[in-house]
Amino acid sequence: LQLITCLSTSLAQAKITRDFSIALNSFLPDKDDVMANGYYNGVITIFGGANYPTRIIEYDIDDDSLTLSAQSLSVQVGGDSTHFWVQIDSINVYSINPASTGLQHFDLSTKTLNNNYATLPIVVSEDACIAYALDVLYIMGGQGGVNKVQRYDLNTLQWLAAKTMQTA
């Protein structure tokens, strides 16, 4: 059930992100796709992307204004795995890095990215799913038949034992 929920949530995120990207592209200086985003303090921050993976764009809801940030990311955020990101509270967004070897952490309040927040015990390639519940990040599946649920405890900053997913 968790996997189905995660996949449906991630697919919904991917569709919303894709639809938002398509709508947003008419306002962007350059077209892009596969962008992560989060909301903090009245601003939607859009970061990374397939074509401009170090770019940060801010949309101020009250002013209805879109601004290309003078700040840029030190490493790229983009690629298929960036469809799967999760905002866990008012400032923290997590995604699987483009190499699919670790977690990225983006702080919406400072607009900073930590590309190697935590190395994944099992490399997931693409198509892994990320979800959050009760202070734990869950990374499920991955390309190439990865049938594990990897769990990262945000309180202890430790990986918990991976669980095997049942297959039909």
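Residues numbered from 1 in each chain as written. Predicted model: local features only at pLDDT ≥ 70, side-chain atom pairs only at ≥ 80, totals over all residues. Heavy atoms only, no water.

## Describing the sheet that holds strand β7 (residues 102-107)
Strand pairing in a sheet takes place through backbone hydrogen bonds and is either antiparallel or parallel in direction.
Point 1. Strand order across the open sheet formed by 4 strands is β5-β6-β7-β8, with antiparallel pairing between neighbours. Taken across any chain shown, the strands that pair with only one partner, and hence form the sheet edges, are β5 (85-87) and β8 (112-119). Adjacent strand axes in the sheet meet at a mean angle of 20 degrees when their direction is disregarded.
Point 2. Where strand β6 (residues 92-96) lies against β7, 5 bridges are found, and the strand directions are antiparallel. By the bridge assignment for β7, serine 95 is matched with glutamine 104. (Pairing = 2+ DSSP bridges. Helix = DSSP H or I, 4+ residues; strand = E, 2+ residues; numbered from the N terminus. Axes fitted to C-alpha atoms, helices over the stretch in contact; angles between N-to-C directions.)

## Some thoughts on the pattern of salt bridges
Where charged atoms from two side chains of opposite charge approach closely, those side chains can pair.
Point 1. Scanning the entire structure with this criterion turns up 1 salt bridge.
Point 2. As a salt-bridge pair, lysine 111 and glutamate 58 come within 3.4 Å of each other at their nearest N and O atoms. Residue lysine 111 is located in the loop between β7 and β8, and its partner glutamate 58 is located in strand β3 (residues 56-60); the two are separated by 53 residues in the primary sequence.
Point 3. Residue classification places lysine 111 among the buried residues on the basis of a relative accessible area of 11%. (Salt bridge = Lys/Arg side-chain N within 4 Å of Asp/Glu carboxyl O. Buried < 20%, exposed > 50% of the residue type's maximum accessible area, 1.4 Å probe, protein only.)

## Topic: the packing of aromatic side chains
Point 1. The final tally for this structure, using the stated rule, is 4 aromatic pairs.
Point 2. Between tyrosine 117 and tyrosine 152, the aromatic rings sit 6.0 Å apart at their centres with planes inclined by 75 degrees, giving edge-to-face as the arrangement. Of this pair, tyrosine 117 sits in strand β8 while tyrosine 152 sits in strand β11 (residues 148-153), placing them 35 residues apart in sequence.
Point 3. A relative accessible area of 25% means that tyrosine 117 is categorised as partly exposed.
Point 4. A residue is classified by how much of its surface remains accessible, and tyrosine 152, at 4% relative accessible area, is buried.
Point 5. Members of the aromatic cluster, connected to one another through ring pairs, are Tyr94, Tyr117, Tyr152 and Trp159. (Phe/Tyr/Trp six-rings, centres within 6.5 Å; stacked < 30°, edge-to-face > 60°.)

## A word on the environment of glutamine 166
Point 1. Note on placement: glutamine 166 falls in the segment after β12 (158-164).
Point 2. For glutamine 166, a relative accessible area of 80% corresponds to the exposed category.
Point 3. Sequence separation between glutamine 166 and asparagine 147 is 19 residues; the distance between their C-alpha atoms is 7.7 Å.

## Some details on the pairing of β7
Point 1. Among the 6 residues in β7, 6 count as buried, and that is most of the element.
Point 2. The antiparallel hairpin formed by β6 and β7 contains 5 residues in its connecting segment, where serine 100 sits at a positive phi of about 60 degrees.
Point 3. Connecting β7 to the antiparallel partner β8 that follows it, the hairpin turn spans 4 residues, and lysine 111 within it adopts a positive phi of roughly 60 degrees.

## What to know about the pairing of β12
Point 1. Bridge analysis of β11 against β12 gives 5 bridges, and the strand direction is antiparallel. Each residue of the ladder has a partner; that of valine 149, found in β12, is lysine 163.
Point 2. What sits between the antiparallel neighbours β11 and β12 is a turn of 4 residues, in which leucine 157 has the positive phi angle 55 degrees.

## Concerning the sheet that holds strand β10 (residues 136-140)
Point 1. Taking strand neighbours across the sheet as the criterion, the 4 strands line up as β9-β10-β11-β12 in an open arrangement whose pairing is antiparallel. Two strands close off the open sheet at either side, each with one partner strand: β9 (129-133) and β12. Each adjacent strand pair in this sheet contributes to an overall mean axis angle of 20 degrees, direction not counted.
Point 2. As judged from the 5 bridges shared by β10 and β11, these two strands associate in the antiparallel manner. Counted as the bridge partner of methionine 140 is valine 149 from β11.

## Some thoughts on unusual backbone geometry
Point 1. In this structure, aspartate 64 is a non-glycine residue whose phi angle is positive, near 50 degrees.
Point 2. Inspection of the secondary structure assignment puts aspartate 64 in the loop between β3 and β4 (65-68).
Point 3. Residue leucine 134 is not a glycine yet carries a positive backbone phi of 50 degrees.
Point 4. Inspection of the secondary structure puts leucine 134 in the loop between β9 and β10.
Point 5. Under the relative-accessibility criterion, leucine 134 is labelled exposed at 80%.

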